[in-house]
Amino acid sequence: MTLWISDVSGACPPNVSVVNDFLEPLRLTGPDDLLGLLPHLIGFHPRDSLALVVIDGSHVGVTARVDLAAMLTPRHTRALIGQLTARFPDGEVCAVAYTGSEDDAWLVLRRCARILGRRLLISLHAHPNGWWSDRRRGPRVSFNPESSRAAAEATVRGMQARTSREALAALASGPDEADWQEASDRLDAACEELAVLEPQRWPQRLRDTVAACATRPPTDEECAELGVLLCEPNTRDVELVALEKATAEHRLALWSRVVNRIPEEVSYGPLGLLGLAAWLTGNGALASVCLERLDVVCPRSGLRAMLADIVGGMIPPTAWPTIVADLRAHAAAPPGTGEAA
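If you're wondering where the values come from, they're calculated on a predicted model, not measured in any experiment.

Chemist: Help me out: how do you make sense of the overall build of the protein chain in this one?
Modeler: Each helix and strand in the protein chain was counted, giving 15 helices and eight strands. For the protein chain, the residues scored as buried account for 51% of the 341 residues in total. Restricting the contact set of the protein chain to residue pairs at least 6 apart, pairs at least 24 apart contribute 71%. A total accessible area of about 15,800 Å² is found for the protein chain, and carbon and sulfur atoms account for 53% of it.

Encoded structure:
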C-alpha cells in the first residue's frame, strides 16, 4: 500500500478527526506506517475504537474514529460507512479495530468488509501486543506505533497525538473545581467593568483584547472579560467573521485558555469559536469535543448549530471563506429582505 498524504478534502462527523495540511507529501508504504500515523490523524491514541481512513484518490479524505462498542450493532456500522461513502463516493477505505478482544475486532472488520466490498483497501486488528492484517488467524506483527517513521514525520510536522481522548477533552473541560470560586469572582468583576461601557464599544474592546493576546496567553482577568464580551451576539460575530485559517492555530490556543479559566455559564461563545478553530486546523476530534460540551452548556447556541452543521455535514475547511462571505452578506442585508423561514 503506497499513499501520499498531503492535504484534506473533508471534515468529520462526531468523534472524527482530520489531518492538517502538510508542507510536503508524507508517504505511507504499509500497515506499520498507517498505524504510526493514525493517532496523529485522530489526535490521540485510540483504544477500543474503530478507525476508518477514507482515501480519496491518493489523499486522505477523512479519518473517522468511533467507539468499537457502538460498531457491534450492524446498523451503526452501516450508518457510519454510508455517511463516509456518500461524502466520498469514489473513496477507498482502510479499517482498523483497536481492541484487546479478537472476537470483537473481527466481528466488526468482517462487517466492514461486507459493506465496503472492493472499496476496502486493508483491515487491521491493532492489539496492544501487535497487529493482524486481513485475516483473523494470520501471523501477529509486533509493533510500537510511537516508534514508526510515519509517527516521527507527523510529529515533526506539528501533528500531536495525545495519550487519550480524555487528554484531548481537557483542552475544553473548564476550570478545575478548586478554581471555580476565583473564576466566578473574576467574572463578576468583568461584568461590573463592562456594564459601564456602551454596548457599541464592545466589539472594539473585543478586538483590542484579542490583539493584546497575539504574542502571549490571556490573563485570567482577560479570560473573564472575553467570556462576557462573547455573550453579546453582535460582538461575538466580529470575532467569528475574523476567524481564518492563517490565525486558527493562535485562536485555538487562545479560546482553549479562555474556556478553561471561566465559569460554564459564559463558556458557550469561546467553546464555539474553539470548535471552529479546531476544525480549521484539521483537529476534528477537538471540534467534536467542543460540540459535546456545547450540547451540555448551551444546546441552542447559534455557534453550536453552526458547528454541528459543519461537523455533521463533513464540510471541508476550504469552505470557510464562502461561509464567512455568506455571514457577512446576511449581516449587511436590510431587515425583511431575506427569504421566509
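Chemist: Help me out: how do you make sense of helix H8 (residues 202-212) in this one?
Modeler: What sets the pattern is the α-helix's 3.6 residues per turn: residues three or four places apart point alike. Within H8, the full set of buried residues consists of Trp202, Pro203, Leu206, Thr209 and Val210. One side of H8 holds all its buried residues, which, seen down the axis, span an arc of 130 degrees. If you follow the buried residues of H8, they end up packed against helix H7 (180-195), helix H9 (220-229), helix H10 (233-242) and helix H11 (248-259).

Chemist: Would you take a moment to explain the pattern of salt bridges for this structure?
Modeler: Between side chains of opposite charge, a pair can form when the charged atoms approach closely. Evaluation of the coordinates by the stated rule reveals 16 salt bridges. As a salt-bridge pair, Arg261 and Asp179 come within 3.3 Å of each other at their nearest N and O atoms. Linking Arg261 in the loop between H11 and helix H12 (268-280) with Asp179 in the loop between helix H6 (165-169) and H7, this pair joins segments that are 82 residues apart in sequence. For the salt bridge of Glu182 with Arg186, the shortest nitrogen-to-oxygen distance reads 3.9 Å. Of this pair, Glu182 and Arg186 both sit in helix H7, four residues apart, roughly one helical turn.

Chemist: Looking at this structure, how should I read the nonpolar core?
Modeler: If you look at soluble globular proteins, the nonpolar side chains tend to sit buried side by side. Leu34, Leu38, Val96, Trp255, Leu276, Leu286 and Trp320 are the most contacted members of the largest nonpolar core, which has 75 residues in total. The contacts of Trp255, once residues within four sequence positions are left out, are Val210, Leu226, Leu230, Glu239, Pro270, Leu273 and Leu274. Of all hydrophobic cores here, the second largest spans 24 residues; its members include Met71, Leu84, Ala95 and Ala97.

Chemist: Looking at this structure, I do not really get the packing of aromatic side chains. What am I missing?
Modeler: Geometrically, a pair of aromatic rings is defined through the distance of the ring centres and the angle of the planes. Considering all chains together, one arrives at one aromatic pair under this definition. The ring of Phe88 is capped by Arg87, whose NZ or CZ atom sits 4.9 Å from the centre of that ring.

Chemist: Sorry if this is basic, but what is going on with the pairing of strand E5 (residues 59-67) here?
Modeler: Strand residues, when the strand is regular, have side chains that alternate between the two faces of the sheet. In terms of residue burial, E5 counts as a mostly covered element, since seven of its nine residues are buried. Examined bridge by bridge, strand E4 (residues 49-56) and E5 share eight bridges and lie antiparallel to one another. Its bridge partner being in E5, Ala51 is matched across the sheet by Arg65. Hairpin connection between E4 and E5: a loop of two residues separates the two successive antiparallel strands, and Gly57 in this loop has a positive phi of roughly 75 degrees.

Chemist: Explain unusual backbone geometry to me, please; I cannot follow it from the model alone.
Modeler: Glycine aside, negative phi is the norm for most residues, and most peptide bonds take the trans geometry. Within the chain, Asp48 stands out as a residue other than glycine whose phi angle is a positive 50 degrees. Within the fold, Asp48 resides in the loop between helix H1 (31-42) and E4.

Chemist: Help me understand the state of the cysteines, please; the structure alone is not making it clear to me.
Modeler: In protein chemistry, a disulfide is the covalent bond that joins the sulfur atoms of two cysteines. Scanning all chains against the criterion turns up zero disulfides. Distance from the sulfur of Cys231, which forms no disulfide, to the nearest cysteine sulfur (Cys191) is 7.7 Å.

Chemist: Got a minute to help me understand helix H4 (residues 102-116) in this structure?
Modeler: If you check H4, its first and last C-alpha atoms are 21 Å apart, about what 15 residues at 1.5 Å a residue would give, namely 21 Å. Looking only at H4, the buried set comprises Ala105, Trp106, Val108, Leu109, Arg111, Cys112 and Leu116. Those residues of H4 that are buried are in contact with E4, helix H2 (68-71), helix H3 (74-87), strand E6 (92-98), strand E7 (120-127) and strand E8 (130-133). Backbone geometry just after H4 places Gly117 at a positive phi near 60 degrees.

Chemist: Can you help me understand the pairing of E6 in this one?
Modeler: In terms of burial, E6 is largely enclosed, as six of its seven residues are buried. One ladder, built from seven bridges, connects E4 with E6; its direction is antiparallel. Residue Ala51 lies in a different strand from E6, and its bridge partner there is Val96. In this fold, E6 hands off to H4, which returns the chain to E7; that crossover is right-handed.

Chemist: Even after reading the chapter, I still don't get the side chain of Arg165, so can you show me in this structure?
Modeler: Of note, Arg165 is situated in helix H6. In this structure Arg165 comes out as buried when scored by relative accessible area, which is 17%. Engagement of the side chain of Arg165 in a polar contact is seen with the side chain of Glu292, the distance being 2.9 Å.

Chemist: What's the story with the packing of H11 against H12 in this structure? I'm lost.
Modeler: In a pair of packed helices, the angle between the axes and the distance between the axes together describe the arrangement. For the pair H11 and H12, the least separation of the axes is 8 Å and the interaxial angle reads 150 degrees. It follows from the interaxial angle that H11 and H12 lie roughly antiparallel. Our pair here, H11 against H12, has a crossing hand that is left-handed. Residues Ala248, Arg251, Leu252, Trp255, Ser256, Val258 and Val259 of H11 pack against Pro270, Leu271, Leu273, Leu274, Ala277, Ala278 and Leu280 of H12. When the residues that make up the contact of H11 with H12 are grouped by side-chain class, the tally is 12 nonpolar, one polar and one charged.

What counts, and at which threshold
- Residues numbered from 1 in each chain as written.
- Predicted model: local features only at pLDDT ≥ 70, side-chain atom pairs only at ≥ 80, totals over all residues.
- Heavy atoms only, no water.
- Helix = DSSP H or I, 4+ residues; strand = E, 2+ residues; numbered from the N terminus.
- Buried < 20%, exposed > 50% of the residue type's maximum accessible area, 1.4 Å probe, protein only.
- Contact = heavy atoms within 4.5 Å.
- Areas by Shrake-Rupley, 256 points an atom, 1.4 Å probe, with all protein chains shown as cover.
- Arc of directions from axis to C-beta.
- Salt bridge = Lys/Arg side-chain N within 4 Å of Asp/Glu carboxyl O.
- Core = buried A, V, L, I, M, F, W, Y, C linked by side-chain atoms within 4.5 Å.
- Phe/Tyr/Trp six-rings, centres within 6.5 Å; stacked < 30°, edge-to-face > 60°.
- Lys NZ or Arg CZ within 6 Å of the ring centre and 35° of its normal.
- Pairing = 2+ DSSP bridges.
- Disulfide = S-S within 2.5 Å.
- Expected span 1.5 Å × (residues − 1).
- Right-handed = clockwise from strand over helix to strand, strands pointing away.
- Polar contact = N/O pair within 3.5 Å; in protein donor to acceptor, adjacent residues only side chain to side chain.
- Axes fitted to C-alpha atoms, helices over the stretch in contact; angles between N-to-C directions.
- Parallel < 35°, antiparallel > 145°, perpendicular 65-115°, else oblique.
- Left-handed = near helix turned anticlockwise from the far one by under 90°.
- Nonpolar A, V, L, I, M, F, W, Y, C, P; charged D, E, K, R; others polar.

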